[in-house]
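Structural overview for review
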Amino acid sequence: MIKKSTFQRGILALGIILLLTLTGIFNTFERQQVIPDQLSLNTVIIIAMVGMTGYACAYPLRNQKPLVPMVNAIIATLAIGVMWVGLVWLYETIDMRFIFQNLKGVNPSPLTFGEMIRFIAVPATETDPALAVELGGLVKLIIFCAMMGAVSGFAVLLSLRLQLIVAVSAVLTVVLALISTKINGIITLPDALAFAIAFSLAYVASWLINTRRTDPLPQWLLMSIGALIGAFVALALLFIGTEDAFKRDGILRGLGTAPLIIDMGARGLIGGLFGVFALTGLAGALAPKAERLSHNTSLYFILALVILGLLNTAGRKLPLETALIIFGLLVVGIAFIPTLGKKADGQFIQLAQRGKLQSRGIFLFVLAGVVLVAPQFMGVSLANNINLIILYAMLGIGLNVMIGYAGLLDLGFVASIAIGAYTVGILTGPNILTCNGVAINPNLITLDEINQLCTGRIDFWGALPLAVIFSAVTGMLLGVPVLGLRGDYLAIVTLGFGEIINRIIYSDKFKPLMGGAQGLSPIPVPEIFLPVGGEEGVNLVFGNATSVFYLYIFAILIAIFVTYRLSISRQGRSWRAIRADEDVAEAMGIHTVRTKLMAFMVSSAIGGLGGAILAAQLQSVTPENYKLAFSINVLALVIIGGMGSIPGVILGAVVLAGLPELLRELESYRLLAFGGLLVLVMLVKSEGLLPPAPPRLSEQARLLTQPEPTGTD
Amino acid sequence: MGDLLLHAMTITKRFGGLTAVNAVELKIERGMIASLIGPNGAGKTTFFNCITGFYTPEEGRIMFNNRDIRGLRTDQIAHRGIARTYQNIRLFGAMTALENILVGMHIHLKATPIGSIFGFGHTRREEREALKEAYRLLEFVGLGDKGDLLASNLAYGFQRRLEVARALALKPQLLLLDEPTAGMNPQETDEMMEFIRNLRDKLNLTIFLIEHDMKLVMSISDQVSVMDYGTKISEGTPAYVQKDPAVIKAYLGSAPEEVLSEQA
């Protein structure tokens with residue numbers, strides 16, 4: 001009944017916890033508060049680790065009698081607890097610092113679960129870490145472990161769907177809690193509620209109308225009804241959403257501050273206020289008829305709005321009750337929205353083809369709206385993080401062409417990024433080329449002097465295409481000598497290329513052109529001049545994180561579009577055929593040289609595009625930024641996300657570039673987490689988080705062959 | 001008989017000191033089903049590899065449609081109209097059955113990367129036509145309902161058929177089959193035999209196959225060539241080859257009746 005593996009897993013888990021403790025990582029996590037004064041990230045991680053151990057022991061036994069998984073889980077977690085206590089005792093008795101040098105600076109409280117004990121029962125008076133080693137705390141530690149075992153043992157008995165919903169909601173809540181300090185919003189809870197009400201009223205009305213009728217109402221009528229409902233909500237908001245209502249004795253007290261959207265009305269944009277709500281109502285009215293994807297997306301959008309409102313009302317610190325409300329909302333949302341979508345599918349889709357196109361339109365409309373508005377919600381630091389994620393995602397999509405499609409392991413991807421960045425740097429920054437032959441020392445020259453002297457500079461928009469082209473051509477040229485190489489050999493050679501490019505941009509020989517170790521700066525900020533709105537026109541300046549965001553979005557859309565279209569075409573098939581079996585691909589008549597060079601070219605072009613925008617964002621280029629580690633980071637996210645899958649690569653970027661940014665405190669342990677995650681993903685899911693889905697062409701092919709009277713049978 | 005499609009003239013291929021194929025002379029006429037048999041290690045697959053350009057023979061010429069194809073790259077030879085299957089099935093495992101066939105149609109498609117990115121009208125039309133044809137081929141080999149399965153997930157017999165379909169997608173003049181019935185039971189072997197005969201009759205293909213199943217070889221071949229230790233030791237109609245003492249010696253070195261009864 002009790003498996004040997006149960007003990008093994010318990011010991012393994014303790015080993016990992018101990019190892020992490022020795023690195024001091026828990027000390028930094030302790031400072032990262034999920035819920036202020038109640039729950040630190042440290043605690044969350046320990047709860048998760050103990051819980052997961054119990055789960056891992058219980059899961060394989062889930063088909064046996066209910067008691068068996070439970071007992072095994074409890075025994076595993078108890079083993080952790082007991083051994084942990086033993087270790088704490090050992091630590092207190094024998095000074096182990098002479099063995100573990102790193103323990104010197106380590107605060108023992110994480111090892112003794114100081115934080116955890118406080119969380120479980122005892123009032124927060126135990127601020128002295130020394131007290132945490134008291135007997136009571138240790139007993140509680142053991143009890144806690146046993147409880148986690150019982151919970152995880154019970155969890156495996158629940159339906160898989162339920163487990164998933166709860167787990168995803170919990171993770172999302174923690175993530176939202178962590179970013180809540182970063183949200184610098186323009187939306188309050190009443191705003192969000194007003195939108196949600198407008199949307200749901202229109203949704204319910206449209207749903208009711210549709211179910212009562214056999215022949216569907218005309219689209220325009222439905223849309224008008226929705227818009228009307230939205231307008232009514234706006235009107236209501238104008239009347240009751242005043243400052244007074246939110247005061248201590250107002251009817252809406254407790255909901256936080258007055259809705260910000262009212263300001264729109266106050267500023268004379270009454271039409272805008274009504275318009276926004278009418279659009280929301282319109283979307284709500286169309287949603288029940290939309291295909292599943294659009295339908296669910298719109299519902300998730302409303303959910304996200306409410307959560308944003310909640311977070312903003314909670315202010316910079318997320319209180320426990322708000323966290324619980326968010327958790328609940330997420331559970332409900334994740335559990336029920338897909339079901340609603342199924343209903344929508346079954347009941348309302350009459351005009352399948354037209355309806356689908358229409359709802360895809362709505363979907364893209366909503367998505368575009370979110371993307372356009374998103375930066376307004378972000379603070380600079382969040383925008384910076386998101387920009388980094390998009391940059392990495394985009395570079396990953398580029399590298400994915402090489403690794404995921406063509407199967408060419410490229411460790412020198414940083415070369416194309418650097419070439420893109422330096423092309424922009426050289427063409428738009430001060431150097432011997434642009435400054436009429438004068439060697440520039442950036443330390444001794446002012447901006448005015450640069451402007452006077454360096455007349456050869458072109459603007460960013462001229463340099464961008466050149467950067468992409470130059471990067472693509474160099475990428476192809478670098479590909480020529482290595483075409484005959486496969487696998488490991490190719491990896492080593494490309495590694496060399498990355499290093500060569502880095503050496504070149506570092507070198508003193510090219511210093512007048514590329515600035516040597518100092519690099520080139522300043523690189524002018526990209527601007528777009530729009531000749532609208534009066535005599536002066538509008539000048540769009542991409543000078544800060546929230547505006548560079550749009551550049552990145554633009555670039556990643558291009559990257560996705562190009563690589564996606566190629567991947568489903570003849571070219572993409574050739575790539576994948578070469579990856580699968582080069583000899584056979586050649587026997588099928590595929591020109592392997594040309595096909596591989598194409599991969600080098602496309603991949604480098606995207607790398608160059610990313611590098612060019614990065615240079616413009618940083619307003620400088622320095623060789624420090626373009627080192628091997630950059631290649632490895634991009635490579636890792638492609639592998640973790642799933643080679644050959646664009647959504648996978650994006651997820652990989654979110655996980656690998658986003659997570660460490662989210663846990664700012666983690667910074668110094670970034671590589672540790674990075675390595676750990678890589679190992680874990682490769683062990684558990686060697687094909688990546690979101691491996692590519694094989695294209696479903698059969699249905700289309702069948703439809704194509706059917707109308708033919710001479711079709712084979 | 002008809003005109004000469006393939007003429008291998010005294011082909012020699014050496015690996016270091018080993019002469020895998022030694023001055024082999026072989027003619028295949030259009031519309032024929034020709035077989036190449038011989039004990040393991042006789043150099044049959046090496047000979048195939050020479051024809052398809054995977055190896056370049058040191059000596060001799062390979063005339064295909066009266067043009068020398070020796071020294072051409074594999075993909076160029078595919079363009080000339082030679083397609084093959086492999087002894088140990090080599091499908092593109094991570095691609096679906098339909099995609100495998102679409103790869104096989106590569107040389108007949110004209111889509112350029114630029115055309116695919118921007119979705120030009122003719123590119124899209126071509127892609128639709130290709131998909132249609134690929135599906136027909138899939139139905140032809142009896143895999144119509146398995147188009148979206150990954151090739152690696154198909155059952156063994158289906159993989160064999162898919163490999164043939166992929167080779168057919170090249171619309172070759174000459175189809176090389178390397179042990180098409182390897183690993184099949186007698187019933188499957190019979191089906192495959194019927195299938196190969198169909199290919200010749202319905203698609204007017206010329207077929208050249210390596211095979212160990214003597215029953216199959218003797219019943220469908222127009223011409224049988226026998227190799228041993230890299231040299232061709234016999235050639236002719238099935239009836240002739242069966243009685244050739246050199247062949248019997250190569251296989252067993254004993255009485256002909258025993259050999260034949262055992263192989264059947």
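Residues numbered from 1 in each chain as written. Chains lettered and ligands numbered in written order. Predicted model: local features only at pLDDT ≥ 70, side-chain atom pairs only at ≥ 80, totals over all residues. Heavy atoms only, no water.

**As for the side chain of A:Ser604**
All names here are of chain A. By the secondary structure assignment, Ser604 is in helix 24 (residues 592–618). A residue is classified by how much of its surface remains accessible, and Ser604, at 5% relative accessible area, is buried. Not counting residues within four places of it along the chain, the set of residues in contact with Ser604 comprises Ser416, Ser471, Ala472 and Gly475. (Helix = DSSP H or I, 4+ residues; strand = E, 2+ residues; numbered from the N terminus. Buried < 20%, exposed > 50% of the residue type's maximum accessible area, 1.4 Å probe, protein only. Contact = heavy atoms within 4.5 Å.)

**Regarding a nonpolar patch on the surface**
Residue and element names in this part refer to chain A. Nonpolar side chains collect at one region of the surface, where Met1, Ile2, Phe7, Ile11 and Leu67 lie side by side and expose about 530 Å² of accessible area between them. Inspection of the secondary structure puts Leu67 in helix 4 (residues 67–93). Assessed through its relative accessible area of 55%, Leu67 is described here as exposed. (Patch = residues over 30% accessible without salt bridge, like charges linked within 9 Å, V, L, I, M, F, W, Y side chains within 5 Å. Areas by Shrake-Rupley, 256 points an atom, 1.4 Å probe, with all protein chains shown as cover. Salt bridge = Lys/Arg side-chain N within 4 Å of Asp/Glu carboxyl O.)

**Looking at the pairing of strand 10 (residues 231–236) of chain B**
Residue and element names in this part refer to chain B. Where strand 9 (residues 223–228) lies against strand 10, five bridges are found, and the strand directions are antiparallel. Residue Met227 lies in a different strand from strand 10, and its bridge partner there is Lys232. Connecting the antiparallel pair strand 9 and strand 10 is a turn made up of two residues, with Tyr229 showing a positive phi of about 45 degrees. (Pairing = 2+ DSSP bridges.)

**Describing the sheet that holds strand 5 (residues 67–68) of chain B**
Residue and element names in this part refer to chain B. The strand order 2-1-4-5 describes an open sheet built from four strands, whose pairing is antiparallel. The open sheet has two edge strands with one neighbour each: strand 2 (18–29) and strand 5. Here strand 1 (residues 4–15) pairs with strand 2 via eight bridges, running antiparallel. Within the sheet, the bridge partner assigned to His7 lies in strand 2 and is Lys27.

**A short note on the environment of B:Ala155**
Mapped onto the fold, B:Ala155 is located in the loop between helix 5 (121–140) and helix 6 (156–168). In this structure the C-alpha to C-alpha distance between B:Ala155 and B:Leu143, which are twelve residues apart in sequence, comes to 11 Å.

**Focus: the nonpolar core**
In summary, soluble globular proteins display a tendency toward joint burial of nonpolar side chains. In terms of nonpolar packing, the biggest core is built from 80 residues, with A:Val424, A:Trp575, A:Val621, A:Tyr626 and A:Phe630 touching the most fellow members. Examining the composition of this core, we find that 13 residues originate from one element, helix 15 (residues 380–405) of chain A, more than from any other. With 56 residues, the next largest nonpolar core counts A:Ala701, B:Ile33, B:Leu91 and B:Leu162 among its residues. (Core = buried A, V, L, I, M, F, W, Y, C linked by side-chain atoms within 4.5 Å.)

**Description of the domain arrangement of chain B**
All names here are of chain B. Once the domains are mapped, chain B shows domain 1 (1–81 + 174–264) and domain 2 (94–171). Its C-alpha centre places domain 1 at a distance of 28 Å from the equivalent point of domain 2. Residue-level contacts link 16 residues of domain 1 with ten residues of domain 2. Counting each side, the surface lost to burial between domain 1 and domain 2 is near 1100 Å², with a carbon and sulfur contribution of 79%. (Domains from an automatic or database assignment. Buried area = accessible area lost by both parts, 1.4 Å probe.)

**A word on the state of the cysteines**
Residue and element names in this part refer to chain A. As enumerated under the stated definition, the model contains one disulfide over all chains in all. Here Cys435 is linked by a disulfide to Cys454, with a sulfur-sulfur distance of 1.9 Å. Classification of the bridge connecting Cys435 and Cys454 rests on its S-S torsion, roughly 90 degrees, and on that basis the disulfide is right-handed. Placement of Cys435 in the loop between helix 16 (414–428) and helix 17 (447–453) and of Cys454 in the loop between helix 17 and helix 18 (460–479) is noted, with a sequence separation of 19 residues between them. The buried category is assigned to Cys435, whose relative accessible area is 0%. Among the residues examined, Cys454 registers a relative accessible area of 3% and is labelled buried. With no disulfide partner, Cys145 has as its closest neighbouring cysteine sulfur the one in Cys57, 13 Å distant. Residue Cys145 is classed as buried on the basis of its relative accessible area of 0%. (Disulfide = S-S within 2.5 Å.)

**With respect to the interface of chain A and chain B**
For interface size, the figure often reported is the accessible area lost on association. Across the contact, 36 residues belong to chain A and 40 residues belong to chain B. Carbon and sulfur atoms supply 61% of the area that chain A and chain B bury against each other, a total of about 3800 Å² over both sides. It is A:Arg570, A:Arg573 and A:Met588 that lose the most area in chain A upon contact with chain B, and together they represent 22% of the buried surface on that side. Counting every contact that joins chain A to chain B gives four salt bridges. Across the pair B:Glu127 and A:Arg573 runs a salt bridge, and its minimum N-O distance is 2.7 Å. The dominant element in the side of chain A that touches chain B, judged by the number of residues it contributes, is helix 22 (residues 570–580) of chain A, at seven residues. Residue composition of the side of chain A that touches chain B, by class: 17 nonpolar, nine polar and ten charged. (Nonpolar A, V, L, I, M, F, W, Y, C, P; charged D, E, K, R; others polar.)

**Quick look at the sheet that holds strand 10 of chain B**
All names here are of chain B. Read from one edge of the open sheet, six strands run 6-7-8-3-9-10, paired in mixed fashion. Taken across any chain shown, the strands that pair with only one partner, and hence form the sheet edges, are strand 6 (82–84) and strand 10. The sheet shows a mean angle of 20 degrees between the axes of neighbouring strands, taken without regard to direction. Across the sheet, helix 1 (residues 44–51) is in contact with strand 3 (33–37), strand 6, strand 7 (174–178), strand 8 (206–210) and strand 9; its angle to strand 8 comes to roughly 145 degrees. (Axes fitted to C-alpha atoms, helices over the stretch in contact; angles between N-to-C directions.)

**What to know about the layout of surface pockets**
Empty space within the second largest pocket amounts to approximately 1600 Å³. Lining the second largest pocket we find 44 residues, and of these A:Tyr564, A:Ser567, A:Ile568, A:Arg576 and A:Pro695 sit closest to its centre. Elements with a minimum of two residues in the lining of the second largest pocket: helix 15, helix 21 (545–567), helix 22 and helix 26 (646–662) of chain A together with helix 3 (97–104) and helix 5 of chain B. For the lining of the second largest pocket, a count of residues per class yields 22 nonpolar, eleven polar and eleven charged. (1 Å grid on protein atoms, 1.4 Å probe; cavity = no way out; pocket = protein on both sides within 12 Å on 5 of 7 lines; lining within 4 Å. Points joined across faces, edges and corners; volume = space filled by probe spheres on them.)

**Focus on helix 28 (residues 698–705) of chain A**
Regarding helix 28 of chain A, the residues found buried are A:Ser698, A:Ala701, A:Leu704 and A:Thr705. Viewed along the axis of helix 28 of chain A, the buried residues span an arc of 125 degrees, placing them on a single side of the element. In this fold, the buried residues of helix 28 of chain A make contact with helix 3 and helix 5 of chain B. (Arc of directions from axis to C-beta.)

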